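Coordinate analysis (summary)
As a plain string of letters, each chain reads:
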Amino acid sequence: MKTGITFGTFDVFHYGHLRILERSRELCDRLVVGISSDELNFSKKGRMPYYSFDERSRIVGALKCVDEVFKEESLELKAEYIKRFKADVLVMGDDWKGKFDWVIPLTGCAVFYLPRTPAISTTAIVEKIRN
Ligand code: CTP
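Please read all numbers here as calculations on a predicted model, not as lab measurements. Along each chain, the written sequence defines residue order, and numbers are assigned to residues from 1. Predicted model: local features are reported for residues with pLDDT of at least 70 only, side-chain atom pairs are reported and counted for 80 or more only, and whole-chain, interface and lining totals are derived from all residues. In computing side-chain properties, one takes all heavy atoms of the structure into account and sets aside hydrogens as well as water.

**Remarks on the side chain of lysine 78**
- Helix numbering and strand numbering both begin at the N terminus, where a helix is a DSSP run of H or I of at least 4 residues and a strand a DSSP run of E of at least 2. Turning to its location among the elements, lysine 78 is positioned in helix H4 (residues 78–84).
- Each polar contact in these results corresponds to two N or O atoms within 3.5 Å; when the atoms are within protein, one needs to be able to donate a hydrogen and the other to accept it, and residues that are neighboring in sequence are counted only if both atoms are side-chain atoms. A polar side-chain atom of lysine 78 sits 2.6 Å from a polar atom in the side chain of glutamate 72.
- Setting aside residues up to four positions removed in sequence, lysine 78 forms contacts with Phe7, Glu72, Met92, Phe100, Trp102 and Val103. Residue contacts are counted whenever heavy atoms from the two residues lie within 4.5 Å of one another.

**Looking at the site of the ligand**
- Note on definitions. A residue lies near a molecule or strand when any single heavy atom of the residue is within 4 Å of it. Contacts to the ligand come from 18 residues, most closely from Lys45, Asp95, Thr117, Ile120 and Thr123.
- One nitrogen or oxygen atom from the main chain of threonine 117 is found 2.7 Å from a nitrogen atom belonging to the ligand.
- Within the contact set of the ligand, an oxygen atom lies 2.8 Å away from a backbone nitrogen or oxygen of threonine 122.
- We get accessible surface area from the Shrake-Rupley algorithm with a probe of 1.4 Å; when it comes to residues, only the shown protein chains can shield them. With the chains in place, 93% of the 580 Å² that the ligand exposes on its own is no longer accessible.
- Counting only elements with at least two residues in the shell around the ligand, the list comes to helix H1 (15–26) and helix H6 (122–130).
- For the shell around the ligand, the element with the highest residue contribution is H1, accounting for four residues.
- The residue makeup of the shell around the ligand, split by class, is three nonpolar, 10 polar and five charged. Charged means Asp, Glu, Lys or Arg here, nonpolar means Ala, Val, Leu, Ile, Met, Phe, Trp, Tyr, Cys or Pro, and polar covers whatever is left, Gly included.

**Here's the deal with a nonpolar patch on the surface**
- A surface patch of nonpolar side chains, amounting to about 270 Å² of accessible area, comprises Tyr50, Tyr51 and Ile59.
- With respect to the helices, strands and loops of the structure, tyrosine 51 is situated in the loop between helix H2 (38–45) and helix H3 (53–61). Patch definition: residues above 30% relative accessible area lacking any salt bridge, with like charges linked at up to 9 Å and the nonpolar side chains Val, Leu, Ile, Met, Phe, Trp and Tyr linked at up to 5 Å. Whenever a carboxyl oxygen of Asp or Glu lies within 4 Å of a side-chain nitrogen of Lys or Arg, that contact is scored as a salt bridge.

**Structural notes on unusual backbone geometry**
- Not every positive phi belongs to a glycine, and lysine 86 is a case in point at roughly 55°.
- Among the structural elements, lysine 86 can be located in the loop between H4 and strand S4 (89–93).

**Digging into the sheet that holds S4**
- Note on pairing: two strands pair once DSSP finds at least 2 bridges between them. Read from one edge of the open sheet, five strands run S3-S2-S1-S4-S5, paired in parallel fashion. Of all the strands in the sheet, the pair left with one neighbour each is strand S3 (68–72) and strand S5 (110–114). Adjacent strand axes in the sheet meet at a mean angle of 25°, parallel and antiparallel pairs treated alike.
- Pairing of strand S2 (residues 30–36) with S3, which is carried by five bridges, proceeds in the parallel orientation. Note that in S3 the partner of isoleucine 35 across the bridge is lysine 71.
- To define axes, lines are fitted to C-alpha atoms, for helices over the stretch in contact only, and angles between the resulting N-to-C directions are given on a 0 to 180 degree scale. With respect to the sheet, H1 is in contact with strand S1 (3–8), S2, S4 and S5, its orientation differing from that of S2 by roughly 145°.
- The strands that H3 touches are S2 and S3; relative to S2, the one it contacts most, it runs at about 160°.

So, in structure tokens, the structure goes:
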């Protein structure tokens, strides 16, 4: 039984989010998803998410390809989360390429960076609707 773990804000849930979660699940038997806390999102992106942590977690947790969700409080805690959930595989979008390779020697977890789905993001959707 292989456990996979991935992370993200998943605000204003869209097709690119669904695809990364489905592709992550193809690499494991059980998928755990760390959802950024509202504060972590603010520190990463300089704004609060449109949907609260509870709403974002409920949406992601309801998906067939997701087995468990938890709150990600800090980017630096990746190795602790990997150990806590006994993850064998860490999956990230390739916007993070190389950024989490440091967990490999600490945890023995394999790391995959999957290509982002082209031409869609929360930021682009919000901009489009706003204009
Ligand atoms: N993702 C993806 N393809 C996209 C958008 C996001 O594969 N078109 C992936 C990211 O690489 C990440 C996960 O989905 O692994 C969560 O990304 P998140 O930052 O929450 O979504 P974005 O749409 O990129 O948000 P923003 O525009 O606010 O940066």
